[in-house]
Amino acid sequence: MTTVAAPPVRSLRPLAGVLAATAVSLTGTRVSAIALPWFVLATTGSATLTGLVAFAEMTPYVLVKALTGPLVDRLGPRVVSWTTDAVSAVAAGLVPLLHAQGLLPFWTLLVMVAVIGAMRGPGDLAKSVMVPEAADRARVPMERATGLSGVTERLASTIGPAVGGGLVALVGPLAGLAVNAGTFALGSLIIALALPPGMGRSAVPEAASSTVPVEPDQRDGGYWRMFREGFGFLRTEPLLLTVTVMVGITNLLDAGFSTVLLPVWARESGNGPAAIGLIGSVLGVTAVAGSLIAATLAHRLPRRTVFFVGFLLAGAPRYLVLALDAPMWAVVAVFAVGGFGSGFLNPILGAVLFERVPRHLLGRVHALSDSLAWAGIPLGGLLAGAAVALVGLIPSLLTAGILYFATTTLTGLRPEWREMDRQRGHGRAEAGEQVTDGAEGALEAARP
């Protein structure tokens, strides 16, 4: 049995470094999430083309992320993280540069966003995979580490929309795209230079060179063998599979909401991109509050109940309040409540994943589960754009809201969900290896 020993001295530097790089990269992504759809709407006037751009980014994100789990385990997440962020910075920087020179036809924009998506997938995966090691070094409980990660994500979701909405309203969408390039570059530097030496190495030691006893199934048996091992483990976990399917449906609906329905609502209502930034920031502030509570109290709360109540608050009401043409104060209030509920989701999802997955399989299983959960995101924008073109904004919002409510309530009746609390702290991860207390979540629901 392989033992992952805790370092002799507690250190918060690794956890702070990984969370800082994550915060920087996610903030730029949130800025781009407002700037890029608004840029396409402003230059083409087409909701369908806006959805196509989202499809071009998220399809390679999901596919490449699914396939790079073994590479992250083999090469080490640190190298994968800083190199992919560096490539993303170049691709993101080329968009405003080429447009300023009149050299950005629509097909070139699709290529650039596809490159960004392909690099973001393994980059996000690598940062998540490094957090359990950083949490081990910091000696923090599992739920607290996942809560801190949730706070980081939600802070990015607060600052990003505020910056993105302001930049788009005052300067234009190209400024937001330039900021995205800068944040990718900064995130790459943090991972490459700020983390302590030796962190983020390969999780698949060679039997000949390792001084630690290695189980046969931990040895590097080639890419496809490693991939099959991750897939085989995931198939034996009914709870993880059920979570993945449910989150996959909600992520599809969330993608259509954020990339098409919300921007079209902002344009048709006359509120403009500043309204997107406002409600996104309000949602982010309350989500930070929810994540802080999760970091402090999640290890004492019933996971299943909190999880489904959080989805009830964060899901369908957002669609319905926009469909009802409510006043702006009501829209802000609904998003505030939804943000608070969403702050509990990813900490719970991550804690469940890290309890049940052995550390040496983490990259592969995380990549597969996350990619399956995000598989519908590329279609979300396309379907939302087509729905708006066919039936209009209001029917599209109502239909999506009803589907969201059904998914997040009926799914909870399945028996697998009882395992969320029943095997708390005694998951499958302990069967494959002994780990120190501390890990961080990775199976993600798309942020509203």
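Whatever comes next refers back to the structure up there.
Residues numbered from 1 in each chain as written. Predicted model: local features only at pLDDT ≥ 70, side-chain atom pairs only at ≥ 80, totals over all residues. Heavy atoms only, no water.

### Thoughts on the overall build of the protein
Moving on, step 1. In terms of helices and strands, the protein carries 19 helices and zero strands.
Moving on, step 2. When burial is assessed residue by residue, the protein has 58% of its 448 residues classed as buried.
Moving on, step 3. Residue pairs at least 24 apart in sequence account for 91% of intrachain contacts in the protein once pairs closer than 6 positions are excluded. (Helix = DSSP H or I, 4+ residues; strand = E, 2+ residues; numbered from the N terminus. Buried < 20%, exposed > 50% of the residue type's maximum accessible area, 1.4 Å probe, protein only. Contact = heavy atoms within 4.5 Å.)

### Quick notes on the nonpolar core
Moving on, step 1. Judged by nonpolar contacts, the single largest core of 76 residues is most densely connected at Leu109, Trp265, Phe307 and Leu322.
Moving on, step 2. No other element matches helix α9 (residues 238-269), which puts 14 residues into this core.
Moving on, step 3. Discounting residues that sit within four places of it in the chain, phenylalanine 307 has contacts with Met246, Leu345, Ile348, Leu349, Trp417 and Met420.
Moving on, step 4. In terms of nonpolar packing, the next biggest core, distinct from the first, is built from 15 residues, Val131, Ala134, Ala135 and Met199 among them. (Core = buried A, V, L, I, M, F, W, Y, C linked by side-chain atoms within 4.5 Å.)

### Here's the deal with helix α15 (residues 362-373)
Moving on, step 1. Relative to the 16 Å expected for 12 residues at 1.5 Å per residue, α15 spans 16 Å between its end C-alpha atoms, a close match to the ideal helical length.
Moving on, step 2. Summarising burial for α15: 11 of the 12 residues are buried, a large majority.
Moving on, step 3. Within α15, the full set of buried residues consists of Leu362, Gly363, Arg364, Val365, His366, Ala367, Leu368, Ser369, Asp370, Ser371 and Ala373.
Moving on, step 4. In the core, the buried residues of α15 are packed alongside α2 (47-67), α3 (69-75), α5 (106-138), α8 (223-235), α9 and α14 (345-356). (Expected span 1.5 Å × (residues − 1).)

### A few points about the packing of aromatic side chains
Moving on, step 1. Inspection of the entire model under this criterion finds seven aromatic pairs.
Moving on, step 2. With a centroid separation of 6.5 Å and 55 degrees between ring planes, the pair formed by phenylalanine 311 and tyrosine 404 is classed as tilted. With phenylalanine 311 in helix α11 (residues 303-314) and tyrosine 404 in helix α17 (residues 393-410), the pair connects residues that are 93 residues apart, well separated along the chain. Judged on exposure class, the residue phenylalanine 311 and its partner tyrosine 404 are both buried.
Moving on, step 3. Where phenylalanine 340 meets phenylalanine 344, the ring centres are 5.5 Å apart and the plane angle is 75 degrees; that geometry is what we call edge-to-face.
Moving on, step 4. Of the residues examined, phenylalanine 340 reaches a relative accessible area of 33% and is grouped as partly exposed.
Moving on, step 5. The structure contains a cluster of three or more aromatic residues connected by ring pairs, namely Phe257, Phe307, Phe308, Phe311, Tyr319, Phe335 and Tyr404. (Phe/Tyr/Trp six-rings, centres within 6.5 Å; stacked < 30°, edge-to-face > 60°.)

### Examining the packing of helix α12 (residues 316-323) against α17
Moving on, step 1. Two elements in contact, α12 and α17, have axes whose closest approach is 8 Å; the angle formed by their N-to-C orientations is 160 degrees. One way to sum up the angle between α12 and α17 is to call them roughly antiparallel. For the element pair α12 and α17, the recorded crossing hand is left-handed. Between α12, through Ala316, Arg318, Tyr319, Leu320, Leu322 and Ala323, and α17, the contact on the second element is made entirely by Ile394, Leu397, Leu398, Ala400, Gly401, Tyr404 and Phe405.
Moving on, step 2. Partitioning the contact of α12 with α17 into residue classes produces 11 nonpolar, one polar and one charged. (Axes fitted to C-alpha atoms, helices over the stretch in contact; angles between N-to-C directions. Parallel < 35°, antiparallel > 145°, perpendicular 65-115°, else oblique. Left-handed = near helix turned anticlockwise from the far one by under 90°. Nonpolar A, V, L, I, M, F, W, Y, C, P; charged D, E, K, R; others polar.)

### Brief notes about the pattern of salt bridges
Moving on, step 1. Counted by the stated rule, this structure contains five salt bridges.
Moving on, step 2. With a closest N to O distance of 3.0 Å, arginine 120 and glutamate 57 form a salt bridge. On the criterion of sequence distance, the pair formed by arginine 120 in helix α5 and glutamate 57 in helix α2 is long-range, its members being 63 residues apart. Exposure class is identical for arginine 120 and glutamate 57. Each is buried.
Moving on, step 3. A salt bridge links lysine 127 to aspartate 85; the nearest nitrogen and oxygen atoms lie 2.8 Å apart. You can see lysine 127 sitting in helix α5 and its partner aspartate 85 sitting in helix α4 (residues 77-100), a full 42 residues away along the chain. For the pair formed by lysine 127 and aspartate 85, the shared burial category is buried. (Salt bridge = Lys/Arg side-chain N within 4 Å of Asp/Glu carboxyl O.)

### Some remarks on the packing of α2 against α15
Moving on, step 1. Viewed as axis vectors pointing N to C, α2 and α15 meet at an angle of 160 degrees, and their least axial separation amounts to 7 Å. Here α2 lies roughly antiparallel to α15, going by the angle between them. In the packing of α2 onto α15, the handedness of the crossing is left-handed. Contact residues: Val62, Lys65 and Ala66 in α2; Ala367, Leu368, Asp370 and Ser371 in α15.

### Looking at unusual backbone geometry
If a residue is not glycine, its phi is most likely negative; likewise, a peptide bond is most likely trans.
Moving on, step 1. Look at aspartate 325: it is not a glycine, yet its phi comes out positive at around 55 degrees.
Moving on, step 2. Mapped onto the fold, aspartate 325 is located in the loop between α12 and α13 (328-342).

### Examining α13
Moving on, step 1. With 15 residues, α13 should cover 21 Å at 1.5 Å per step; its first-to-last C-alpha distance of 21 Å lies within 8% of that length.
Moving on, step 2. Taken together, the buried positions of α13 are occupied by Ala330, Val331, Phe335, Ala336, Gly338, Gly339, Gly341 and Ser342.

### With respect to a nonpolar patch on the surface
Moving on, step 1. The grouping of Val87, Trp107, Val111 and Val115 at the surface amounts to a nonpolar patch, some 350 Å² of accessible area in total.
Moving on, step 2. Looking at which element gives the most residues to the nonpolar patch, the answer is α5, with three residues.
Moving on, step 3. Positionally, valine 87 belongs in helix α4. (Patch = residues over 30% accessible without salt bridge, like charges linked within 9 Å, V, L, I, M, F, W, Y side chains within 5 Å. Areas by Shrake-Rupley, 256 points an atom, 1.4 Å probe, with all protein chains shown as cover.)

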